[in-house]
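# Coordinate inspection notes
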Amino acid sequence: MSPLASGPQGPTTLRPLLTTVLDALTAGAATRDGPLPAGGPTEVAARLREALGDPFPEHGDEDALRTLVQALAAGAADPADPLCTAHLHCPPLAVATAADLAASVLNPSLDSWDQAPAASELEALVTRALAAEVYGETGQARSAGDALVTTGGTESNQLALLLARERHGHTQLVCAANAHHSLRRATWLLGLPEPVTVPAPAGTMDPAALGEALTALPGPLLVAATAGTTDAGLIDPLPDIAALCETHGARLHIDAAYGGGLLFSDRHRPKLDGLARAHTVTLDLHKLGWQPIAAGLLAVRDRHDLAPLGHHADYLNADDDTEAGLPDLLGRSLRTTRRPDILKIAVTLKTLGRTGLGALVDRVCERAAEFAELIHRHPRFELHDRPTISTVLFRPADATDDTVAAVRRTLLTEGRAVLGRARLDDRLWLKATLLNPHTGADDLAALLKLVEGHTPR
Ligand SMILES: Cc1ncc(COP(=O)(O)O)c(C=O)c1O
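Chains are numbered independently. Their residues run from 1 in the order of the written sequence. Per-residue local features of the predicted model are confined to residues with pLDDT of at least 70, and side-chain atom pairs are confined, for both listing and counting, to 80 or more; whole-chain, interface and lining totals are unaffected and use all residues.

## Focus: the overall build of the protein chain
Elements are defined by DSSP. Helices are runs of H or I of four residues or more, strands are runs of E of two residues or more, and each kind is numbered from the N terminus. Assigned secondary structure in the protein chain consists of 14 helices and eleven strands. Within these notes, the globule rule equals 2.2 Å times the number of residues to the 0.38 power, and the radius of gyration is based on C-alpha atoms. For the protein chain, whose C-alpha radius of gyration is 23 Å, the value lies close to the compact-globule estimate of 23 Å for 457 residues. Principal-axis analysis of the C-alpha atoms places the extent of the protein chain at approximately 65 × 60 × 40 Å. Burial status across the protein chain gives 45% buried among its 457 residues. Remark: C-beta atoms are placed from the backbone, and a residue is labelled buried if 20 or more other C-beta atoms sit within 10 Å of its own, exposed if 12 or fewer do, or partly exposed between those counts.

Structural data, given as structure tokens:
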């Protein structure tokens, strides 16, 4: 019979398997020779199909762990490669990844205390500490806020809309053209009206236009601002937006899925002034927090706002169990079975401390500023703007949009570099989202040279 990961024999059983995994990761990465596999979708799929063979054979194959881990590593886009910079897709910290392994071994499920006695307490403590990071400055009692663990920014944004709807009724979402697409989807999912979109002429929400919208629209209104836009890493004018919401009695959600990581840095935290005035805040530590996916959070200023999530299922939170002191966990998520994603987050916060995490944030922001300067000084490139966080948009000077798109795809197909794309000011830009604190100045110079070499003169 196949051995188990937990129980007294678990560690003994796992040790040689982990060696297999680590060897396969090394071997797979060695065959890749770049941040992603060469050949584009057809060739990558063919290699994977060949490695997999029959996905569900009649008789098992003992070498499947090695074969498939190696195949996945060979075919991975590796966010730890300095030339892998397209998305808000971070290289996970080793210590967080090791903690995630422990989470899989212990397999606590956060839907009832009897499946997660210690994990549920860890989640309660760490989520409150993170809520205090967001709301600690308001002067309110520290205990007023809380945070839910989610699968990422999309789920956090959905929950923010749900909480607004439950608190205020059929809520109208007002957001800017730069808002993340998950907000619009959430209105669809929750049966709310189509969002009202205010302009973001310079990439951030225009407060004057927001003021006009808030004056004209009947309530209840939920304004969703962004701290760290997906395309450019820009931060909406949060204090102005918060003031307008307060004047007009609108609820405020801030999607800080990307920018929330700036909270850890003394140098960059002031960019988030106004964050604490939001009713709800999306944070996402699998972006600027170096966590393995998933590590999302929704912070709420007033934990009473979470009451509508309360739910009863006798086998998980019977009244007499709750009265007898067993914590009721069902109201902390819309999911039932739920991984202890808090463990890797807790291990990271405690291992690195505020200083350690802040240093990582400072480093990626610094690298982005240097990269922008390099582009600015280069006669063959155009820089969109100096970065606010760690996103740099640039394009070969005088290139057409088609050329910009083609350069990106060629680099992907050759497996040489992973750059993103963003349309701003009606032009297509190459996007480098720097999330790797180990990336050096030389790596970025090499990236620019690669793009230059792939741009037709
Ligand atoms: C600003 C913003 N909000 C929300 C999300 C969604 O986050 P996730 O992909 O973790 O669901 C993203 C993803 O990039 C984002 O950039």
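Okay, back to it.
## Some words on the sheet that holds strand β9 (residues 391-396)
Only strands joined by at least two bridges in the DSSP assignment are considered to pair. The four strands are arranged β8-β9-β11-β10 in an open sheet whose pairing can be described as antiparallel. This sheet does not close on itself; its edge strands, each paired only once, are β8 (381-383) and β10 (420-424). Adjacent strand axes in the sheet meet at a mean angle of 40°, parallel and antiparallel pairs treated alike. Where β9 meets strand β11 (residues 427-433), four bridges bridge the pair, whose relative direction is antiparallel. Within β11, the position partnered with F394 by the bridge is L430. Axis definition: a line fitted to C-alpha atoms, limited for helices to the stretch in contact. Angles are taken between N-to-C directions and run from 0 to 180 degrees.

## With respect to the site of the ligand
We call a residue near a molecule or strand if the C-beta atom, set from the backbone, is within 6 Å of it. Among the 15 residues in the neighbourhood of the ligand, the closest are listed as G152, G153, T154, T230 and A257. Top contributing element to the shell around the ligand by residue count: helix α6 (residues 153-168), with three residues. For the shell around the ligand, the class distribution of residues is three nonpolar, ten polar and two charged. Under the scheme applied here, ten amino acids are nonpolar (Ala, Val, Leu, Ile, Met, Phe, Trp, Tyr, Cys and Pro), four are charged (Asp, Glu, Lys and Arg), and all others, including Gly, are polar.

## Considerations on the environment of A227
Positionally, A227 belongs in the loop between β4 (221-226) and α9 (238-248). It is 21 Å that separates the C-alpha atoms of A227 and P437, two residues lying 210 residues apart in sequence. Beyond its immediate sequence surroundings of up to four residues, A227 is in contact with I235, D236, L238, I254, D255, A256, G259, G260, L272 and L275. Our contact criterion uses C-beta atoms placed from the backbone: two residues qualify when those atoms are within 7 Å.

## Some words on helix α12 (residues 342-377)
To estimate how far a helix should reach, multiply one less than its number of residues by 1.5 Å. Spanning 36 residues, α12 covers only 43 Å between terminal C-alpha atoms, well under the ideal 52 Å at 1.5 Å per step. The largest bend in α12 is about 95°, located at G353. One axis is fitted to the seven residues ending at the residue and one to the seven starting there. The bend at that residue is the angle between these axes.

## A closer look at the pairing of β4
Among the six residues in β4, six count as buried, and that is most of the element. Going residue by residue along β4, you find L221, V223 and A225 tucked away on one face and L222, A224 and T226 tucked away on the opposite face as well. Two elements, strand β2 (residues 172-176) and β4, share four bridges in a ladder whose sense is parallel. Bridged to Q172 within β4 is L221. Bridge count between β4 and strand β5 (residues 251-256): five bridges; the pairing is parallel. Within the sheet, the bridge partner assigned to A225 lies in β5 and is I254.

## Re the packing of helix α8 (residues 207-216) against α9
A pair of packed helices is characterised by two quantities: the angle between their axes and the separation of those axes. The geometry of α8 relative to α9 is characterised by a closest axis approach of 10 Å and an angle of 15° between their N-to-C directions. Classified by the angle their axes make, α8 and α9 are roughly parallel. In the crossing of α8 with α9, the sense of the turn from one axis to the other is right-handed. Residues P207, L210, G211 and L214 of α8 form the contact with α9, whose own contacting residues are D240, I241, L244 and H248. The class makeup of the residues in the contact of α8 with α9 is five nonpolar, two polar and one charged. Working rule for angles: under 35 degrees goes down as roughly parallel, over 145 as roughly antiparallel, 65 to 115 as roughly perpendicular, anything else as oblique. Crossing handedness: left-handed means the near helix sits turned counterclockwise from the far one by under a right angle, and right-handed means the same turn made clockwise.

## Some remarks on the sheet that holds β4
On the basis of which strands lie adjacent, the open sheet formed by seven strands has the order β1-β7-β6-β5-β4-β2-β3 and mixed pairing. Of all the strands in the sheet, just β1 (146-150) and β3 (196-198) have a single pairing partner and so form its edges. Each strand of the sheet is rotated relative to its neighbour by a mean of 20°, with strand direction disregarded. As judged from the five bridges shared by β1 and strand β7 (residues 296-300), these two strands associate in the antiparallel manner. By the bridge assignment for β7, T150 is matched with G296. This element, helix α5 (residues 117-135), spans β1, β6 (280-284) and β7 of the sheet and lies at about 115° to β1.

## Section: the confidence of the model for the protein chain
Residue-level confidence of the predictor, termed pLDDT, takes values from 0 up to 100. The predicted model of the protein chain has a mean per-residue pLDDT of 97, with 98% of residues at 70 or higher. For the stretch residues 137-141, pLDDT sits under 50, and the model shows three contacts to residues farther than four places along the chain or on other chains.

## A word on unusual backbone geometry
The omega angle of the peptide bond from G219 to P220 is -5°, so this bond is cis rather than trans. One can find P220 in the loop between α8 and β4. Looking along the chain, the bond that leaves I293 and enters A294 is cis, with omega of 5°. Relative to the elements of secondary structure, A294 occurs in the loop between β6 and β7. With phi around 65°, D426 is a residue other than glycine that occupies positive phi space. Along the chain, D426 falls in the loop between β10 and β11. Residue class for D426 comes out exposed when judged on the 6 C-beta atoms lying within 10 Å of it.

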